[in-house]
Structure formats: C-alpha cells, structure tokens
Amino acid sequence: METIITNKFKRSVRGDSFTSTLGMIIVLSSIAMLFIALLSAYGILRVRSDIWMSGSIKSYPLTLSWINTVVILLSSFTFNKASKLFESNNNKKSLNFISFTIILGICFLILQTQLWLVLTNDGYSITSHQAGAVFYMLSGLHGLHIIIGIFLLIWLNFYIRKYDDYFKQMKLTGMFWHFLTIIWLVIFISVIIF
Amino acid sequence: MSNHEQSFMSKYIFSTDHKVIGKQFLWLGIFFLMFGGFMAMLIRWSLSHNMQPLPWWLLGDILYQNSPVGVGIIGPDAYNQLFTMHGTIMIFWAITPILTGAFGNFLIPLQIGTEDMAFPKLNMLSFWTMFLASIVLLASYLLPTGTAAGGWTSYPPLSTPVGGIPGYGQVYWTLALTLAGTATLMGAVNYITTIVRFRAPGMGYFKMPLSIWGLFLTSILNALFVPIIAAGLIVLLLDLVAGTQFLVAGQKATIPGGDPLLYQHIFWIFGHPEVYILILPGWGVVSDLLSVFSRKPAFGYKMTALSMCTITALSGLVWGHHMYTTGMSPLLGKAFMFLTLLISIPSSIFFLNWLGTLWKGAIKLEVPMLFALSVMWVFGLGGLTGLYNATITADIYLHDTYFVVGHFHYTMAASVLFGGFAGIYFWFPKMFGKRMNKKLGIIHFWMSFIPLNIVFFNMMVMGYAGHHRRIFDPSVFEFLKPVLQLNDLMTTFAFLLGIGQLIFAINFVFSIIKGKKAEKNPWGASTLEWTVDYPIPHGNFESIPTVYNGPHEYSNPKVKNRDWISQSEKI
C-alpha cells in the first residue's frame, strides 16, 4: 500500500515496523505491570515478616543461580549478535546465533528446573513458607514467559529460512527476549540475592 | 484490503473484519446483559419475598429444583452465588463487551478513517478468547457446589479455601476472569496502536470524535491496569490450587505472613481504574451525541478531552477510598480522600461542557438523545453521591451499605447502560442498515428511566437506613423494619425495568429482520462513519478520506442547504 502524503500528515503504512513495535511496547508494558504488582506484593510480605527465610534453607544456592543468570545474559548477547550480523547481511551466521540463543534459552529452563529440584529436595516447597511461595511464583511465571520466548525464537528461525524480509520479526522477538532477561535480573537481585 | 469474496466461515465466524468482530461482541454482550439482568430479578425477588418459591414467570418451575431449602426457593448459598455472578457478568461480560468490545471495534477504524484495525488477527483472537472465557464462566454453574460465591470482588477469606466457601466455583471464576482480561488486553493493544498510527490524513488528535477519545483512554487504562488484577488472580489461584497462603492470615494460617488486605490493595489498584474503563467510552459517546442532536459543535471540545485525560491519570491514584474501613493510617486515608475529591473538578468541567452544548441548541428528542440526556441525570446523581463515599467521615458509616450499591449502580450501571443504549440506537443504522422502531424505543426509554431511578434511588435510602449490601434476609433486623416496604416497591419496579429491556431485545431483533431501511446519514452527523454506504465493504472506504473539519461541524453559517458538513468535506 502506498503512502499518502498531505501537507500535514504522513499516513502510516499498514504492517510497518514502527506499528508493530508500538504494539509490542504496549504488550511489554502490560507484562511489566504484572511483574511490578507481584514484586510489590513480595516487598510488602517481606517487610512485614520477622524472619523471611524461615524454612530449612537460609539462602538460595547462589552458584547455580549465578550460572543461570550468566546463561540468560549470554542468550541476550547472542541474540544481539544475530541482529547485528543480519544488518551486515550475514544471514547464515545470523541464523547460527539465533540457534545459540534457543539452546541457551533451553539451558536456562533446565538449570531453573535443577534449581527447583535442589530446593524441593531440601524441603523448600511452595507451601512451606511465604519465601518459597514467592520464589516459585515469580520464577515459575518468568519461566512460562521464557517458554513463549523460545517458541517465538523457533518460529523466527523458520521464518528467516522461508522469507527474505524479516527485519520486523527479528526486532519484535528481540524486544521480547531482552525484556525477559531484564525481568530475570530484577527477580535475581530482589528475590534471590537480596 | 480489497473487497474480495469470502466463505461463510471467514465472513461471519472467524472474521478478521473489525465490523463483524464488533457485532460479535455486541451479541455476546447483549446475551450476558439479559443473563445478568435476569439474575438481578432473582436477587430482588429474594430480598422482598425471602424464602418464598419463585413464580412461574421467574422460571420457578425450572430453577432451583434441588435447592436444599425447598423446591424453587433461593437459599442463602444460592443468593451469594447470584449477587457474585450478577456483578461479575454485568461488569466483565456485559458492559465491557458492549462498550469497549462492540463500539471500540466498530467505531475506531470507521471514525478515524482507516481500513481495519492495526492487527486484525489479534482482534479475532481477542473475541474468541472472550468466548472461551464465557464458556469457562458458564461451566462453573455445572459444578455440584455451584459457581463462585465470594462477591464480585472475591475478597479473601471468602474466596480462599482456608476458611472460605467450599467448591471449585472460585477456581473457575478466577480462570474465566484471567481469560477475559487477556481478551481485553489484546483489544487494548489493537485500539491504541490503531488510533496512534492509522488516523486518516488531517485527523489530528483534537479532531477525533470524543467517542474515540473515550475508547483511547479506556484502552490505555486497560493495558496498564488489567495486568494488576492478573497478578491478584495469580496469587488467588495459587492459594486455591497450589496450597500457598499468600492471602491467609490469623489462626487458620499454617504459614505466617500472609495478608488478605494484600488482595484488596491489588484488586482496587485495578478496580478503581476499572470503573473509568467502563464509563469513559460512555462519556465519549454521550459527548458526541449531545452535539449531534443539539445541532451545535460540542462546547469546550478540547477541555472535555483534556478533562477526560486528567481523570484517566487521577484514576490510578485513588484506590484507597475503597478501603477506609480496613484500618489504614489516617494520613494515608486523607491523601486518598483528597485525590478522590480532586476528580470532581475535571468531572464538573465536562459536565458543564455538556450543559454548554445543550445551551440554545436546536434539540431533537430522538431516542439516542433521550438516552444521552438521561445519562446526564443518572451520572450527575451518581457523581454527587460519590462525594459522600469519598469523604472518610461519611464513608465509615456508609461503607458496605446499599448506599454504595445505589451509588455504583447510578454511575457504573445506569450511566454506562444508558450510554450503551444511546450508542446502539445511534449506530444501529450503520451496523445493520435498518432503523430501529422509534415508538418502541421511546417506550423502552421510559420503562428504563423511571423504574431504574426508583430502584437505585431507594437503594441509597435503604443504605442510609443501614441496609448492608450483602445480607440474605433483611427482615430479621429490627432497625430495618421501618424501611422494609421499600424493598417490595423496588422489586416491583425492578420487574418493570426488566420488562422494558425485553422490549429493547424484541425491537433490536425485529428491526434487524424487518426494520425500515436506513438512509446513508439518518441523523445528519458529521463523523466519517456516515460517509460510507451500508453494507460497508471489508476495506471500509473506497479511498482513505482526508479530514478538514472537526468532529462536530453543525450549523456552520458558511454551509448552505443543510446544517451539517462531513469531516472530510472542504468548506
């Protein structure tokens, strides 16, 4: 569809990159509001309680969580690399880096399950105290979004193989993926480390 | 988007056309409006004829046959379920689909002058998610323990398994609401993006009809605050099914540190913007209609739009006024009271603008105008009674009484409902290509306006006398004896109100089948949707119009022969 230009306004083209970006920004602000609400609920519960980690575990297994954080940061980095390579028209390499991102995303999920298993084996369950409930709720919800993100990345991988013009798809998937990294960092700092 | 041939399925069922999706939302909304309205009749029957069998005309031969208190009798548990589902259905399944779903979808692309929504497939997904939510909600009635019964607010401990109401009704309620919220979010993403990106050339923000302003602000509130209730629902769902105790406190709690008030805060951070989510499209529609039927440009158009923006911003800061009696710090209470009372300033601005629009106008009392005028009356009353609820000293006495019920029925129910009716009567010719019967419309108006005022006004009287909002049998209280007769009066008029809505339903269906064919612009309105012929093709406009005028170009002295000019016509 051609752009109609008048003296005052340039009309947007249907399906252009900025329109989709705006849609994605609204979606992401919605998800951000969801996590903000849950994190403030966590803050209130935590401030009110006398001893927060009252169960069998006094702190989270930090080594495992750190590895996990590095993995997801690395995945954001590889995705960034992929989009840079796409801009310099190196499509094949770009695809490789998207595959790396998918693998790192799956690694993150596996490590997260490992973290859950370590904790539950030590009797740290969702029903034993508020700290456990908050931890499993936030990390679980984030994990669900990561699963959606991985599906998006797999879809992007197929899309790039099939079509030539995938700048928009790449940008939107990237926004979603980097956003999840940021959310994880916030959860990691506020729930696990703090 | 060309006007190509489509199969039946892709044209009427899984359509990506915003007009079809809008109509789908309209049918869904009207169905649930009737459903929720019928529940209101049952509630009224139970309040005035407590523990008496339902008569045949309230389906007494079919409903409550296995009731533990006797055949055809509404027991206390059933009563709790009734008022819970009445509130939930009316707010999330009737008002939201009609005002935001139907009008939003139908009007936004037509009024801003574009072919369709920004993301048509997402739009379709939005309706079908809503449909799924409706099925989950209705399925909860099939549970042996019945549906949710914790009130539409679902405060813990009523809604949590520890010390709450038994059964899985609450779980279904939570899931259904999550799905409905997701559908609303998809709609919001579409509406905001479409309005920001696809206004026709020349259509600046301050040339948009006020209906679009209302829908735009509603969508912003939806995008930001529906996720908050999602957070509350997640916490509630985990308490219900995973055994966490986020919202459980006191002796029943096995884990220390849970807090039922946490849910109340989360609920009302969403809940107060929600009432503006419901009413903003109504305000917009009424502002436009008053101008059309006064044959005058809307008075203070910019101030109306800006005051609606101010209310949108303030609505997120006032949730505490729902919780004065929860023992919050007096300083916090006063802050919330101040912010709440501040809302009356922008409200008064656009209310005065409405009066200014009417002033010296050539008022035409068509059916949509009657409903638009009645919105001014009911919203005026609802808004004024809001001041009492916002003031701590008055509210501590009035909290949770029928005064509050009367107040929010005047604002949320009556204003929004009448705004919705005004819109349906007004845009019916463009939606279905037919005129609605005017005589039946006027009968519907009077059968709505008079009974509704008698019912809701007396609610406030009873609330002032101390009638609690959720008691099952008011006759057991000594202090309510003097006002009990009002309950019978309200019930009688509630039934009249119900019959009035049946007239609307009959008029609606028969006008679609046998109504008089409508001309292109029956009301002489200047917004863009009236420049296209019915049936509107899939791509709406033959070529995208260029906008030269504001949305309310009536009685312009430069125009000869007629008193209106379309937004896309050059003077």
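Residues numbered from 1 in each chain as written. Chains lettered and ligands numbered in written order. Predicted model: local features only at pLDDT ≥ 70, side-chain atom pairs only at ≥ 80, totals over all residues.

Q: Looking at this structure, how should I read the overall build of chain B?
A: Looking only at helices and strands, one finds 15 helices and zero strands in chain B. Each of the three principal axes of chain B carries a C-alpha extent, and together these read 75 × 55 × 50 Å. The buried share among the 571 residues of chain B stands at 55%. (Helix = DSSP H or I, 4+ residues; strand = E, 2+ residues; numbered from the N terminus. Buried ≥ 20, exposed ≤ 12 C-beta atoms within 10 Å, placed from the backbone.)

Q: Which parts of the structure should I look at to understand the overall build of chain A?
A: Along chain A, the regular secondary structure elements total five helices and zero strands. Going from the N terminus to the C terminus, chain A shows its helices and strands as α-α-α-α-α. For chain A, the spread of C-alpha atoms along the principal axes amounts to about 65 × 40 × 20 Å. Among the 194 residues that make up chain A, the fraction classed as buried is 31%. Of all intrachain contacts in chain A linking residues separated by at least 6 positions in sequence, the fraction that spans at least 24 positions is 76%. (Contact = placed C-beta atoms within 7 Å.)

Q: Got a minute to help me understand the interface of chain A and chain B in this structure?
A: Quoted interface sizes are often the accessible area lost when the parts come together. Taken together, the contact between chain A and chain B spans 30 residues of the former and 34 residues of the latter. Of all elements in the fold, only helix H1 (17–48) and helix H4 (130–162) of chain A reach the threshold of two or more residues within the side of chain A that touches chain B. No other element matches the 16 residues that H1 of chain A contributes to the side of chain A that touches chain B. Grouping the amino acids of the side of chain A that touches chain B by side-chain chemistry returns 17 nonpolar, ten polar and three charged. (Nonpolar A, V, L, I, M, F, W, Y, C, P; charged D, E, K, R; others polar.)

Q: Any chance you could explain the environment of leucine 74 of chain A here in plain terms?
A: Turning to its location among the elements, leucine 74 of chain A is positioned in helix H2 (residues 62–87). A residue is classified by how many C-beta atoms lie within 10 Å of it, and leucine 74 of chain A, with 16 of them, is partly exposed.

Q: Looking at this structure, how should I read the confidence of the model for chain A?
A: Low-pLDDT portions of the prediction should not be read for the details of their coordinates. Taken as a whole, chain A shows an average pLDDT of 88; of its residues, 93% reach a score of 70 or greater. Below pLDDT 50 for its whole length, residues 1–9 of chain A participates in 16 contacts with residues either more than four positions away or in separate chains. (pLDDT = per-residue confidence, 0-100.)

Q: Explain the nonpolar core here, please?
A: As a rule of thumb, soluble globular proteins bury nonpolar side chains together. Counting residues in hydrophobic clusters, the biggest one holds 204 residues, and the most contacted among them are Ala231, Ile266, Leu289, Phe371 and Ala422 of chain B. Every residue in contact with alanine 231 of chain B, bar those within four places of it in the chain, is listed here: Leu34, Ala37, Leu38 and Ala41 of chain A together with Ile266 of chain B. (Core = buried A, V, L, I, M, F, W, Y, C linked by C-beta atoms within 7 Å.)

Q: Got a minute to help me understand helix H15 (residues 484–514) of chain B in this structure?
A: Side chains that are three or four residues apart share a direction in an α-helix, a result of its 3.6 residues per turn. For H15 of chain B, spanning 31 residues, the distance from its first C-alpha to its last is 45 Å, which sits close to the expected 45 Å at 1.5 Å a residue. On the buried face of H15 of chain B, the contacting elements are helix H2 (18–48), helix H13 (402–432) and helix H14 (438–464) of chain B. (Expected span 1.5 Å × (residues − 1).)

Q: Quick question: what am I supposed to make of H2 of chain B here?
A: Counted at 1.5 Å a residue, the expected span for H2 of chain B with its 31 residues is 45 Å, and the 44 Å between its end C-alpha atoms agrees. For H2 of chain B, the buried fraction is high: 23 of the 31 residues fall into the buried class.

Q: Would you mind showing me how to read the packing of H2 of chain A against helix H3 (residues 91–121) of chain A here?
A: Angle between the axes and distance between the axes: these two values describe a pair of packed helices. All names here are of chain A. One can describe the packing of H2 onto H3 by two numbers: an axis separation of 8 Å at closest approach and a directional angle of 165 degrees. By the angle between their directions, the pair H2 and H3 is classed as roughly antiparallel. Crossing geometry of H2 relative to H3 is assigned as left-handed. Tallied by class, the residues present in the contact of H2 with H3 amount to 18 nonpolar, ten polar and two charged. (Axes fitted to C-alpha atoms, helices over the stretch in contact; angles between N-to-C directions. Parallel < 35°, antiparallel > 145°, perpendicular 65-115°, else oblique. Left-handed = near helix turned anticlockwise from the far one by under 90°.)

Q: Help me understand unusual backbone geometry, please; the structure alone is not making it clear to me.
A: Trans is the common state for peptide bonds, and a negative phi is the common state for residues other than glycine. Residue and element names in this part refer to chain B. A cis amide bond, omega 5 degrees, links proline 156 with the succeeding residue proline 157. By the secondary structure assignment, proline 157 is in the loop between helix H4 (120–139) and helix H5 (169–197). For the bond from tyrosine 534 to proline 535, the omega torsion is -5 degrees, close enough to zero to count as cis. With respect to the helices and strands, the residue proline 535 is situated in the segment after H15. Its identity as a non-glycine residue notwithstanding, serine 154 has a phi of 50 degrees, on the positive side. With respect to the secondary-structure elements, serine 154 resides in the loop between H4 and H5. Classification of serine 154 by C-beta neighbours within 10 Å gives buried; the count is 25. Positioned with a positive phi, lysine 360 is a non-glycine residue whose angle comes to about 60 degrees. Along the chain, lysine 360 falls in the loop between helix H10 (344–358) and helix H11 (367–390).

Q: What is the right way to look at the environment of leucine 278 of chain B in this model?
A: Residue and element names in this part refer to chain B. By the secondary structure assignment, leucine 278 is in helix H7 (residues 260–294). Distance in space between the C-alpha atoms of leucine 278 and methionine 130 is 17 Å, their sequence separation being 148 residues. For leucine 278, the residues in contact, after removing those within four places along its chain, are Ile91, Ile95, Thr96, Leu99, Met412 and Val416.

Q: For this particular structure, what's the right way to read the environment of proline 201 of chain B?
A: Residue and element names in this part refer to chain B. Take proline 201: it is sitting in the loop between H5 and helix H6 (210–242). Residue proline 201 is classed as partly exposed on the basis of its 18 C-beta neighbours within 10 Å. For the pair formed by proline 201 and tyrosine 425, sequence separation is 224 residues and the distance between their alpha carbons is 29 Å.

Q: Can you walk me through the packing of H1 of chain A against H5 of chain B in this structure?
A: Packing of H1 of chain A against H5 of chain B brings their axes to within 9 Å, and their N-to-C directions diverge by 140 degrees. Judged by the inter-axis angle, H1 of chain A sits oblique to H5 of chain B. You can see that H1 of chain A and H5 of chain B cross each other, and the crossing is right-handed. Contacts from Thr19, Leu22, Gly23, Ile26, Val27 and Ser30 of chain A in H1 of chain A reach Leu185, Ala188, Val189, Ile192, Thr193, Val196 and Arg197 of chain B in H5 of chain B. Of the residues in the contact of H1 of chain A with H5 of chain B, the class split is eight nonpolar, four polar and one charged.

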